[in-house]
Amino acid sequence: MILPLDNRHFITELGLQTIHDTTAKEINRCHTYQEFLDGLSMLRRHHLEVCVHIINGLPNETIEMMLETAKAVGKLDIQGIKIHNLYVTQNSRLYKLYYPFKMLERDEYISLVARQLEYIPSHVVVERLTGDAPLEELVAPLWSIKKTTILNDIDKYMKAQDIMQGDLVSLK
């Protein structure tokens, strides 16, 4: 998706979701991590700004795998990031193939996002930290309907743990 910011400025949004090709294949993402990297490289060669989407809580992914995704994304030449929680909606392919499966608990999600942000450079604009589904279609997680409280609790967690975006970005 390409979003115009004004008459001369565009941001291209790329749905990475995860760096793990085994998960990507399971969720039918239809491209590999290397193909994503090739596309990102092409966009940046043309000086287009890029916002990358990742999803936490994909089936069979561990917390460590989700952190690895954030670490890898933090090393990329991107200008924005959107972090989403996985949610399941009625009659979706995810619901039909996988549900029920272990989903992230609210507290797990909050601490995970805070830890992921440590790997995202401070100049990268964080455009989203949670996703939501239409309430009438949402199966799980029900905690995701309270988006504002999730955002507030991520902020509180980061303050309590003395975490800042970019804390763990290695200087080149």
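All figures in this text were calculated on a predicted structure; none of them were measured in a lab.

K.L.:
So what's going on with the pattern of salt bridges? Residues and values would help.
P.N.:
On inspection of all chains with the given rule, the structure shows 10 salt bridges. Aspartate 21 is the salt-bridge partner of arginine 29, the closest N and O atoms lying 3.5 Å from each other. Judged by its relative accessible area of 10%, arginine 29 falls in the buried class. The partner of aspartate 132 in a salt bridge is lysine 147, with the nearest N and O atoms 3.8 Å apart. With aspartate 132 in the loop between strand 6 (125-128) and strand 7 (138-140) and lysine 147 in helix 6 (residues 147-160), this pair connects stretches of sequence that are 15 residues apart. Take aspartate 132: its relative accessible area is 41%, and that puts it in the partly exposed class. For lysine 147, a relative accessible area of 27% corresponds to the partly exposed category.

K.L.:
Residue-level account of unusual backbone geometry, with values.
P.N.:
The step from alanine 140 to proline 141 runs through a cis peptide bond, and the omega angle for that step is -10°. Mapped onto the fold, proline 141 is located in the loop between strand 7 and helix 6. Look at asparagine 91: it is not a glycine, yet its phi comes out positive at around 65°. Within the element layout of this structure, asparagine 91 appears in the loop between strand 5 (88-89) and helix 4 (93-98). A positive phi angle is found at aspartate 162, which is not glycine, with a value near 55°. As for its placement among the helices and strands, aspartate 162 is situated in the segment after helix 6. Assessed through its relative accessible area of 64%, aspartate 162 is described here as exposed.

Cut-offs and rules
- Residues numbered from 1 in each chain as written.
- Predicted model: local features only at pLDDT ≥ 70, side-chain atom pairs only at ≥ 80, totals over all residues.
- Heavy atoms only, no water.
- Salt bridge = Lys/Arg side-chain N within 4 Å of Asp/Glu carboxyl O.
- Buried < 20%, exposed > 50% of the residue type's maximum accessible area, 1.4 Å probe, protein only.
- Helix = DSSP H or I, 4+ residues; strand = E, 2+ residues; numbered from the N terminus.

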